[in-house]
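Overview (structure and organization)
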Amino acid sequence: MRIAAFLFSIASIHFTIAQQLESSSDPQLIYQQALEAYQQESYLAAVTHFERFQELSKTPNPEASYYHAHASLRVGDARAVAMIRRFIQDYPAHPLAGGAYFELGNYYFLQDDYAASLEYYSSVSGSQLPVRQQEVWYFRMGYAQLKEGDTLAAVPNLETVLEYRGDYHGDASYYLAVYHFESGNYTQALGYLESIADDEQFFESVAQMTAGIHYHTHNYQMLYRYADQNLKKANRNTQKLLLKLVGEARFEEEDYKEATTHLQRYVDLSSKRVDADTYYKLGYAYFQTGANEEAIDNFKLAGLEKGVLGQNSSFYLGQLYMRKNNINYAYSAFQTVAEGGGAMAEEAAFTMGKLNFQREQYAAAVRDFESFLEKHPNSRWKTEVNELMAQAYLRSSDYDQAINHLSTIRNKSALMKSAYQKVTFRKGQLLFNDQKFQRAVDLFDESLAFPMDRELEAQAFYLKGECHSLLNQPEAAKNAYMRCLSTGTEQWSNAARYGLAYIHYNQKQYTEAEAFFEDFIQNSFKRDELTIDARLRLADCYYVQKQYDKAIRQYKQVDSEQANAYIAYQLGLAYSLKGDGVMAQQHFEEVLRFPTSEYADNALFQLGQMHVENGSFDAAVVTIERLLSDFPNSPLMPYAHTRLALSYFNLDELAKAKASYEYVLKNYIANEVANAALLGLQEVMKKGQSVPNFEDYMQAYQQANPDDNSLEVVAFEAAKTSYYNQQYEDAANKLQAFLEKYPTSGFQEDARYFLADANYRAGNWSLASSQFQQVIAAGVSPYMGRSLDKRGKALIRQEQFGEAVNNYRFLLGHASNAKETYIAREGLMNAYFYQNKSDSALYFANQILADDWKPADAERATLLLKAKLFVQKENYDEALDELIRVVNDAPNERGAEAKYLMGKVYYLKGQYKRSLEMLFDLNRNYGSYPHWVGKSFLLIADNYLEMGELLQAKATTQSIIDNASDDAIVQEANEKMLTILEEEERVLVADSTMVEDTIR
């Protein structure tokens, strides 16, 4: 209701004015009414009257124009400014023109357009204004000049304001104090501040500047008293400034205990976000009072600052970390100092190398020392650096780095030769563990060029022999083993005997192999796997040389659960060849106690063969049919069907004999038994059985078994030559052409497999998987297992994981031996892993580990993948158990990955210090794997970030950017550095004045 009444009153006024104007047409009367309204500050009524007057008046009236414009300005009329400007333009000499300029100046001043306000204020003469307006004019003009940076003009105007001792006296004193304070005229500033000290509105600013003046004039006792008097009643900003100034004054007076008290209160009040200088002074004060932990906390923040302050902070930080024996953190601190240059950089760079040497980061120590010598070639520490660097090379795990450096030294000292022999050998050893045998041979040769250590020399010859043996270079392997023997070292000489024995054994030089195996066994005092294997091979040598009694005795001396099936099978063969059928049958039947062994099908076949030879054809049929039923994928199938046919023939079951022979000819026409099947079929025909397709079988046999000199054989052999020479694209083209030209060739099965495998080895995964499927679809084949394995791997490469699972499940269901069972389980484990089906992958991983038979490196690979599965499931403790088992094995690339994953697991568990231990250990022991070293440093930086160690994270990340050779690692480090710099901005702010600047 009040609002309604107010609106009604305004409406009434307008209505009344309108009535008065309409009832009067006397311009002079209207002018008097307008003037009265203006003088009574009834500006709305005045505007209306002046507008009516100007409509009726015949002659211009300057006063009416001015008052009309001014009244319009007061009521916020948008036309007012233009009206005042027009008045000034029309009547520049009029006494009211000064007031017009003043009003325009005020208008722009209140809009913070100080440049425009000064344009009009400068046209005003003080004498044209009333005394009350003169004070306002001088103050606003002085303030506007301050804002525009014209302090020389501003100061006299503000000083003039003081003479009026009016409403703007305090504001003028304040801004004069600010001006003199910022100009360093502290005495003058203090005088103005004292004049407004009792004015509450200026308290905070007066307190800030007064304390600042006492600080800058080193009048510290006055500062302390003033701060004590005013601290409690000040606001937060003023308290912060007082605490900071008192703290810094105490710091200057070396009263470090009081300095820490006040500076720490300042930091706490600033929510831990202050400038680097404050962090440095607080850190140094704590350092001087022996509060090392608090000193570290502040120095590590000050150390983020670039320049001398950051260097000094980092140098003290490094010293403090060394006192705590925290070498890792000390290293990063000195790294910051060294990178900054200056007087302390040389000592810091030297200390970096020593610290890396001390923490056994030898590869990093070498890098540091090399950089040090490059930057400081005449350093007083040069001799010590060279000695430490030589020792670091001997102990480094970054063998490439050591080799590259040592290779450049022409006249190597004895120490350098020893180092070169060792690092080249260690690198060769790593390559050997990673199955890169040819490259390993090259490194062993490099090592053997400097035979300083006889044990290393012998080991290098031995491993070189192993490489040649694995590369199928038997003569080169023999030479290397013989050179190893010539060193006379006990351990490696005997290992060489074992290698030589195997070379002769594989070359079927059984007499020589026998001698070396016997020599090895006589010099071996262990019952390890090698000795067991040597005894088995020695027995094999006796067996092949028909020394059956010696073979039997030797086989029986071997005690090995894993070899039980093989031993029983070989004993069966030996007794059979001796003519002891009873003992032979007993041992063949013993093999059948191990139905999953690769000898079970052979044992059944031998039993069947014995029954055939003994004329026990009924028993032969039962045994052979068991073989066909239990082992449908056995490579013995063509032979078994042939023996079965012969047994039926002798039992006069001619139809069954005929069916078996025909089965052989339909499915194994290119096999060596096909000829026997044809002859057998002829015998069946002689006994009256009709074989109408016999001529077709004869023709098919002739096509499948061409003469060795035919073009067909030549073409197939040419394609195989390209394949074996690893010219896979050429081989694929030739094999494809062969299959098209000879569609009925007996080599079709072989050619299809070689074609698929050539594309597989060339990386043509899609083509290879479809071609392997053709081999698989053809049915029983000696290439079935290999085709299923490689097709599965090709499907995984194409990320067709579901189809890969189906493929390997088929292989598992049709596996004929332990090797194929392993391959199927491994494929299923990997396919399920890539599908993120952890439980299924774990099931097959456990199956592999539980089985007795697996390839040499399979256990480590399975344990590593099992650990990754546990990480996926967030079962971190189980993951660590598996990773420890991998790491405890040979230090190869798989070990490096496992160590990295251990660091990752501890990181995910929030155990950052333990994670760092793992990662630094990786760098110590796996320096030859730059990918994992780079990954480890990225994770080290992540650990530091989580621990709030920003300086450590920054130094580590910068080190990656400067030193990593992997572009992907460097890119990730650059991205991480952006995150670190953002965090740095959050905790570190620039110092700024805390004096408030407010328009009063």
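Here is what the cut-offs are and how they apply
- Residue numbers run consecutively from 1 along every chain, following the written order of its sequence.
- Note on the predicted model: pLDDT of at least 70 is required for a residue's local features to be given, and 80 or more for side-chain atom pairs to be given and counted; whole-chain, interface and lining totals, by contrast, use all residues.
- No hydrogens and no water enter the side-chain calculation; it runs on all heavy atoms of the structure.
- Helix numbering and strand numbering both begin at the N terminus, where a helix is a DSSP run of H or I of at least 4 residues and a strand a DSSP run of E of at least 2.
- Each residue's exposure class comes from its accessible area (1.4 Å probe, protein chains only) as a fraction of the maximum for that residue type: buried when under 20%, exposed when over 50%, partly exposed otherwise.
- Here, Shrake-Rupley sampling with a 1.4 Å probe gives the accessible areas, and only protein chains in the shown set may cover a residue.
- UniProt positions are given in the numbering used here, feature names are shortened, and annotations may be inferred rather than shown by experiment.
- What pLDDT conveys is the predictor's confidence in a given residue, as a value from 0 to 100.
- Contacts: residue pairs with any heavy atoms within 4.5 Å of one another.
- Pairs of cysteine sulfur atoms within 2.5 Å are identified as disulfides in what follows.
- Here, expected helix span is obtained from the residue count minus one, scaled by 1.5 Å.
- Note on aromatic contacts: the rings of Phe and Tyr and the six-membered ring of Trp form a pair at centre separations within 6.5 Å, being stacked when their planes are under 30 degrees apart, edge-to-face when over 60 apart, and tilted otherwise.
- Put simply, a charge is over a ring when the Lys NZ or the Arg CZ is close to the ring centre, within 6 Å, and near the line of the ring normal, within 35 degrees.
- Salt bridge, as used here, is a side-chain nitrogen of Lys or Arg placed within 4 Å of a carboxyl oxygen of Asp or Glu.
- What makes a nonpolar core is a set of buried Ala, Val, Leu, Ile, Met, Phe, Trp, Tyr and Cys residues whose side-chain atoms join them at distances within 4.5 Å.
- Within the patch definition used here, like charges are joined within 9 Å and nonpolar side chains (Val, Leu, Ile, Met, Phe, Trp, Tyr) within 5 Å, considering only residues with over 30% relative accessible area and no salt bridge.
- Residues scored as charged are limited to Lys and Arg (positive) and Asp and Glu (negative), so that His and the chain ends carry no count.
- The atom standing in for a charge is NZ when the residue is Lys, CZ when it is Arg, CG when it is Asp and CD when it is Glu.
- Axis geometry follows a simple rule: fit a line to the C-alpha atoms, using only the stretch in contact for helices, then measure angles between N-to-C directions, giving values from 0 to 180 degrees.
- Orientation labels follow simple angle bins: below 35 degrees gives roughly parallel, above 145 gives roughly antiparallel, 65 to 115 gives roughly perpendicular, and whatever is left gives oblique.
- Rotating anticlockwise by less than a right angle from the far helix to the near helix defines a left-handed crossing, while the corresponding clockwise rotation defines a right-handed one.
- Polar here means any residue outside two lists: the nonpolar Ala, Val, Leu, Ile, Met, Phe, Trp, Tyr, Cys and Pro, and the charged Asp, Glu, Lys and Arg; Gly therefore counts as polar.

Per an unreviewed UniProt entry, the protein carries the name Outer membrane protein assembly factor BamD (BamD/ComL family) and comes from Marinoscillum furvescens DSM 4134.

1. A look at the overall build of the protein
What the protein contains, in helices and strands, is 54 helices and zero strands. By the burial criterion, 52% of the 1000 residues in the protein qualify as buried. About 48,400 Å² of surface is accessible on the protein, with carbon and sulfur atoms providing 47% of the total.

2. Observations regarding the UniProt feature "repeat: TPR" (unreviewed entry) in the protein
Mapped onto this numbering, the UniProt entry annotates "repeat: TPR" (unreviewed entry) at residues 346-379 and 601-634. Split by type, residues 601-634 is 79% helix and 0% strand. Its first and last C-alpha atoms lie 7 Å apart.

3. Thoughts on the UniProt feature "domain: Outer membrane lipoprotein BamD-like" (unreviewed entry) in the protein
Mapped onto the present numbering, the UniProt feature "domain: Outer membrane lipoprotein BamD-like" (unreviewed entry) falls at residues 344-406. The annotated region residues 344-406 carries 79% helix and 0% strand content, and the separation between its end C-alpha atoms amounts to 30 Å.

4. Let's talk about the confidence of the model for the protein
For the protein, per-residue confidence averages 88 on the pLDDT scale, and 96% of positions sit at 70 or higher. Within the protein, the lowest mean pLDDT, 41, falls on helix 1 (residues 2-23), and the highest, 96, falls on helix 14 (residues 236-252). Contacts from residues 1-23, a stretch scored under 50 in pLDDT, to residues over four places away or in other chains number nine contacts. Low confidence marks residues 996-1000, where pLDDT is under 50. Its contacts with residues over four positions away, or in another chain, come to 20 contacts.

5. Focus on the state of the cysteines
In a disulfide, the sulfur atoms of two cysteines are covalently bonded to one another. Going through the model one piece at a time under the given rule, you end up with zero disulfides. In this structure Cys467 is a free cysteine whose sulfur lies 13 Å from that of Cys484, the closest cysteine sulfur available.

6. Considerations on helix 18 (residues 308-323)
Taking 1.5 Å as the rise per residue, helix 18 with 16 residues should run 22 Å; its terminal C-alpha atoms sit 23 Å apart, in good agreement. Within helix 18, the full set of buried residues consists of Gly310, Gln311, Ser313, Ser314, Phe315, Leu317, Gly318, Leu320 and Tyr321. Elements in contact with the buried residues of helix 18: helix 16 (276-288), helix 17 (292-302), helix 19 (327-339), helix 20 (345-358) and helix 53 (950-963). Backbone geometry just downstream of helix 18 places Asn325 in the positive-phi region, at approximately 60°.

7. Quick word on unusual backbone geometry
The residue Glu360 is not glycine, and still its phi comes out positive at about 65°. Within the element layout of this structure, Glu360 appears in the loop between helix 20 and helix 21 (362-375). With a phi angle near 65°, Gln726 is a residue other than glycine that sits in the positive phi range. Within the fold, Gln726 resides in the loop between helix 40 (711-724) and helix 41 (728-741). For Gln726, a relative accessible area of 57% corresponds to the exposed category.

8. Overview of the packing of aromatic side chains
A full pass over the atoms with the stated rule returns 71 aromatic pairs. Considering the side-chain rings of Phe109 and Tyr114, the 5.6 Å spacing of their centres and the 75° angle between planes classify their relative orientation as edge-to-face. For the pair Phe109 and Tyr114, a shared accessibility class is recorded, and that class is buried. Lying over the aromatic face of Tyr224, Arg250 brings its terminal NZ or CZ to 3.7 Å of the ring centre. The cationic tip of Lys412 hangs over the ring face of Tyr420; the distance from NZ or CZ to the ring centre is 5.1 Å.

9. Regarding the pattern of salt bridges
Tallied over the full model, the rule gives 43 salt bridges. The salt bridge involving Asp757 is made with Arg761; its shortest N-O contact spans 2.8 Å. Of the two residues, Asp757 and Arg761 are both situated in helix 42 (residues 748-761); the distance of four residues between them amounts to about one turn of the helix. The exposure class assigned to Asp757 is buried, which follows from its relative accessible area of 0%. Close ionic contact of Arg894 with Asp857 constitutes a salt bridge, the shortest N to O distance being 2.2 Å. Taken as a pair, Arg894 in helix 50 (residues 893-908) and Asp857 in the loop between helix 47 (838-850) and helix 48 (858-872) lie far apart in primary sequence, 37 residues in all. Relative accessible area serves as the criterion here: at 24%, Arg894 is assigned to the partly exposed category. One continuous salt-bridge network, built from bridges that share partners, spans Glu360, Lys899, Asp921 and Arg924.

10. Describing the nonpolar core
Leu223, Phe517 and Tyr555 are the most contacted members of the largest nonpolar core, which has 307 residues in total. Among the elements that line this core, the one with the most residues is helix 32 (residues 564-578), at nine residues. In this view, Leu223 contacts Ala211, His214, Tyr215, Leu245, Val246 and Ala249; residues no more than four positions away in its chain are not counted. Grouped together as the second largest cluster of nonpolar side chains are 22 residues, Phe716, Ala751, Leu755 and Ala756 included.

11. What to know about the side chain of Arg537
With respect to the helices, strands and loops of the structure, Arg537 is situated in helix 30 (residues 529-544). Relative accessible area serves as the criterion here: at 11%, Arg537 is assigned to the buried category. Other than its neighbours up to four places away in sequence, Arg537 contacts Tyr502, Tyr505, Phe517 and Tyr566.

12. Remarks on helix 7 (residues 114-121)
Buried residues dominate helix 7, accounting for six of its eight residues. Of the residues making up helix 7, those classed as buried are Tyr114, Ala116, Ser117, Leu118, Tyr120 and Tyr121.

13. Some details on the side chain of Glu248
Along the chain, Glu248 falls in helix 14. Once residues lying within four places of it in the same chain are set aside, the contact partners of Glu248 are Tyr215, Leu263, Asp277, Thr278 and Lys281.

14. Overview of the environment of Asp881
As for its placement among the helices and strands, Asp881 is situated in helix 49 (residues 876-887). Sequence separation between Asp881 and Val905 is 24 residues; the distance between their C-alpha atoms is 11 Å.

15. Quick look at a negative patch on the surface
A cluster of acidic side chains, namely Asp112, Asp113, Glu148 and Asp150, defines a negative patch on the protein surface. Here Glu148 is to be found in the loop between helix 8 (131-147) and helix 9 (151-164).

16. Focus: the environment of Gln311
By secondary structure assignment, the location of Gln311 is in helix 18. For Gln311, a relative accessible area of 8% gives the class buried. With 624 residues separating them in the primary sequence, Gln311 and Lys935 have C-alpha atoms 28 Å apart. Each residue touching Gln311, except ones within four places of it in the same chain, is listed here: Thr336, Val337, Gly340, Gly341, Gly342 and Met344.

17. Digging into the packing of helix 26 (residues 454-470) against helix 28 (residues 490-506)
The contact between helix 26 and helix 28 brings their axes to 10 Å, and the two run at 15°. Between helix 26 and helix 28, the interaxial angle falls into the category roughly parallel. Crossing hand, helix 26 versus helix 28: left-handed. Contacts between helix 26 and helix 28 pair Glu455, Ala458, Gln459, Tyr462 and Ser469 from the former with Trp492, Ala495, Ala496 and Ile503 from the latter. Of the residues belonging to the contact of helix 26 with helix 28, the class tally is six nonpolar, two polar and one charged.

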